[in-house]
Amino acid sequence: MVGGLILARDIVMLVFGEQYLSGVLPLRILFVQLLFSYTNLLFTPYLHGTGRQKTYAVIVGVGALLNTILNFILISLYGIYGAAAELILSAVLGIFLLKLIAKKIIGIVEKRLHHLNVEIVTSAKIVSAQQGAVTLEDGRRVPFDVLLWTGGIKAPEVLRTLPLQIEGRGQL
């Protein structure tokens, strides 16, 4: 995605030529939209795997309806730029809808992991990892059989130029 943002002009020149340079900004917007699309895809397997196809269908249906309405409005006002911006708006709506059900999903997953004797440590920085244990920033040593080390996602700096609400740590 970041490569696409940086190389958008070169991609347009290589594939279409100089007469299509006006497509660089919409292409960059589409690359930003990929961030939202992949975020939405994180919940899809869970919803299907837990028998929540109806919830997924409602989210997709609302997104498709919004897509149609916003395309009609934004394309007539802003042309290709409106079409590209609409994709981001629809994807953000999808994230919003998924966020509504995310707390419930997280609760179910945490309960299941607790039942399996899996310890979940959040809001803690790992300062070192050794065979069988990690050391946290506060000095705690946490032993493990299997370590799943994850981190938050910081939004790319280019998003700060868009009219989106970004939290203090750069997250959407």
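What counts and what doesn't
Residues numbered from 1 in each chain as written. Predicted model: local features only at pLDDT ≥ 70, side-chain atom pairs only at ≥ 80, totals over all residues. Heavy atoms only, no water. Pairing = 2+ DSSP bridges. Helix = DSSP H or I, 4+ residues; strand = E, 2+ residues; numbered from the N terminus. Axes fitted to C-alpha atoms, helices over the stretch in contact; angles between N-to-C directions. pLDDT = per-residue confidence, 0-100. Expected span 1.5 Å × (residues − 1). Bend = angle between axes of the 7 residues up to and from the residue. Buried < 20%, exposed > 50% of the residue type's maximum accessible area, 1.4 Å probe, protein only. Parallel < 35°, antiparallel > 145°, perpendicular 65-115°, else oblique. Left-handed = near helix turned anticlockwise from the far one by under 90°. Contact = heavy atoms within 4.5 Å.

1. Side note on the sheet that holds strand S3 (residues 141-143)
Spatially, the three strands line up as an open sheet ordered S1-S2-S3, and their pairing is antiparallel. Edge positions in the sheet fall to strand S1 (126-130) and S3, since each has one partner strand and no second. Along the sheet, successive strands turn relative to each other by an average axial angle of 20 degrees, direction set aside. Of the pairings in the sheet, the one linking strand S2 (residues 133-136) to S3 comprises three bridges and is antiparallel in character. Looking across to S3, one finds that Val-134 is bridged to Val-142.

2. Remarks on the confidence of the model for the protein chain
Atomic detail in the predicted coordinates should be set aside for any region of low pLDDT. Residues with a pLDDT of 70 or more make up 83% of the protein chain, whose mean pLDDT is 80. The least confident element of the protein chain is helix H3 (residues 44-49), whose mean pLDDT is 76; the most confident is S2, at 91.

3. Concerning helix H5 (residues 80-115)
Taking 1.5 Å per residue, 36 residues should reach 52 Å; H5 reaches 51 Å between its end C-alpha atoms and fits that length. A bend of about 40 degrees at Ile-101 is the largest found in H5. Restricting attention to buried positions, one finds in H5 the residues Gly-82, Ala-84, Glu-86, Ile-88, Ser-90, Ala-91, Gly-94, Leu-97, Leu-98, Ala-102 and Ile-105. Positive phi shows up at Asn-117, right after H5, with a value of about 65 degrees.

4. Focus on the packing of helix H4 (residues 53-78) against H5
Interhelical geometry of H4 versus H5 gives an angle of 155 degrees and a closest axis separation of 8 Å. Between H4 and H5, the angle is such that the two are roughly antiparallel. Seen from above, H4 lies across H5 with right-handed handedness. Contact residues: Thr-55, Ile-59, Val-62, Gly-63, Leu-66, Asn-67, Leu-70, Asn-71, Leu-74, Ile-75 and Tyr-78 in H4; Ile-80, Tyr-81, Gly-82, Ala-83, Glu-86, Leu-87, Leu-89, Ser-90, Leu-93, Leu-97, Leu-98 and Ile-101 in H5.

5. What about H4?
If you check H4, its first and last C-alpha atoms are 35 Å apart, about what 26 residues at 1.5 Å a residue would give, namely 38 Å. Asn-71 marks where H4 bends most, by close to 25 degrees. Those residues of H4 not exposed but buried are Ile-59, Gly-63, Leu-70, Asn-71 and Leu-74.

6. Details of unusual backbone geometry
In this structure, Asn-117 takes a positive phi of about 65 degrees despite not being glycine. Within the element layout of this structure, Asn-117 appears in the loop between H5 and S1.

7. A short note on the pairing of S1
The sheet contact formed by S1 and S2 spans four bridges and is antiparallel. Residue pairing in the sheet places Ala-129 in a bridge with Val-134 of S2. The turn linking S1 back onto S2 is made up of two residues, and Gly-132 within it adopts a positive phi angle of 85 degrees.

8. Examining the environment of Val-134
With respect to the helices and strands, Val-134 occurs in strand S2. Each C-alpha atom of the pair Val-134 and Phe-144 lies 7.8 Å from the other, and the pair is ten residues apart in sequence. Apart from the residues lying within four places of it in its own chain, the contact partners of Val-134 are Ile-126, Ser-128, Ala-129, Arg-140, Arg-141, Val-142, Phe-144 and Leu-147.

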